[in-house]
Amino acid sequence: MSNRFKGKIRRAKRHKLIAAIGLIGPSGSGKTLSALRLAYGMMKAKYPDLSDEEIWAKIGVADTEHERSLIYEGMVFDGLKIGQFQFLPFDPPYDVESYDQAQQALKEMGCEVVILDSISHAWEGTGGLLELQQHYGGDFRSWMKVNPTYKHFIDVVTGVKNRVHTINTMRTKQDYQVERSEVDGKIQIKKVGLKPVMRDSLEYEMQLVFTLDMANVATAAKDNTGGIFQGKPRILSEEDGELIYKWLEEGEDLYAKQEEERQAFIQMIRGLEQEVGEEISKLISSFENHPSVQMAVEDMPLEWLERVHKAVVQKADQVKQKGEDN
């Protein structure tokens, strides 16, 4: 019996991380401002010699909240003036693909930290995941059809899809619990606090999740940093952003290594196309235009390039062998 894990075991090595941060709180709890301050601190830690104007240009906000993030531009908080960040008004529909495109658009403008404000619309807004579940039938089994889209959503909000640091804000709403009274045995509905307007499991996908109260104090609900924030409520600041960035940077730069591999595959694929000619070009085009791909070789992720390269090498060998036989 073959063992699919054979040859895959290696010594653990820490890699640099892409930020996946969640800020949860009711309206007025300071989610947007906290996200801006964290983002500034992260970029200040990375680019200590840049001017504030240049740093703010590396921060983008996709705003689903009726352009409320704009009120902070020019305001001063604890000595930090909120500069002219990159602003993207985000109107309905709030489908997952639109969130992906918004993140991509801000990255293309040079943003290295993207604030998705808020991602609650992707859950219960127009075009969101709950609406998609209703479209598929609205029953429990419908989630099987929604889950691939939800996986795409996770890849976006964790920054994995577009390789960009991402801070996500989430609204809260009153949560209720149905229980039976110990006195008379009657069913009663009990308030059990606030819960994020989002699928319950989403916060498990992030490294850091903070809950904010109406005094703007953030408490770490999840902290993978090893205790930088756990049990230490605070108003989030740019100094906290610096701490987060330094923690993210610990370890090997996996993304740089993968990009080197990606460029090597692209060079080999295009080299074989130039060497062999039309038949390789047609094969490459079939991959680029496949319904599940729809992108040029130069834009493909590493795992797709590996498949294309394998197919191109096989085809090139066939064409060369055919030429030798003739």
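Here, every reference points to the structure presented above.
Cut-off values and rules
- Residues numbered from 1 in each chain as written.
- Predicted model: local features only at pLDDT ≥ 70, side-chain atom pairs only at ≥ 80, totals over all residues.
- Heavy atoms only, no water.
- Pairing = 2+ DSSP bridges.
- Helix = DSSP H or I, 4+ residues; strand = E, 2+ residues; numbered from the N terminus.
- Buried < 20%, exposed > 50% of the residue type's maximum accessible area, 1.4 Å probe, protein only.
- Contact = heavy atoms within 4.5 Å.
- Axes fitted to C-alpha atoms, helices over the stretch in contact; angles between N-to-C directions.
- Parallel < 35°, antiparallel > 145°, perpendicular 65-115°, else oblique.
- Left-handed = near helix turned anticlockwise from the far one by under 90°.
- Nonpolar A, V, L, I, M, F, W, Y, C, P; charged D, E, K, R; others polar.

## Let's talk about the pairing of strand β11 (residues 218-223)
Alright, step 1. Of the pairings in the sheet, the one linking strand β10 (residues 208-212) to β11 comprises five bridges and is antiparallel in character. Its bridge partner lying in β11, V209 is registered against K222.
Alright, step 2. From the end of β10 to the start of β11, which pair antiparallel, there are five residues, and N216 there has a positive phi angle of about 70°.

## Details of unusual backbone geometry
Alright, step 1. For the peptide bond that leads from P92 to P93, omega is 5°, which places it in the cis range.
Alright, step 2. Note the cis peptide between D117 and S118, where omega equals 10°.
Alright, step 3. In this model, D78 sits at a positive phi of 50°, which is unusual for a non-glycine residue.
Alright, step 4. With respect to the helices and strands, the residue D78 is situated in the loop between β3 (76-77) and β4 (80-81).
Alright, step 5. Residue D78 is classed as exposed on the basis of its relative accessible area, which comes to 65%.
Alright, step 6. You will see that N216, though not glycine, has its phi angle at about 70°, which is positive.
Alright, step 7. Among the structural elements, N216 can be located in the loop between β10 and β11.

## Comments concerning helix α7 (residues 238-248)
Alright, step 1. For α7, the set of buried residues is E238, D240, G241, I244, Y245, W247 and L248.
Alright, step 2. Packed against the buried residues of α7 are β1 (20-24), α1 (31-46), β4, β7 (165-170) and β10.

## Quick word on the packing of helix α9 (residues 278-288) against helix α10 (residues 302-325)
Alright, step 1. Remark: α9 packs on α10, axes separated minimally by 10 Å, with the N-to-C direction vectors making an angle of 155°. Classed by the angle they form, the pair α9 and α10 counts as roughly antiparallel. Relative to α10, α9 is oriented so that their crossing is right-handed. Across from E279, I280, L283, I284 and F287 in α9, the residues of α10 making contact are R307, V308, A311, V312, K315, A316 and V319.
Alright, step 2. When its residues are assigned to classes, the contact of α9 with α10 shows nine nonpolar, no polar and three charged.

From the geometry alone we can't say anything about function, so treat these as descriptive.
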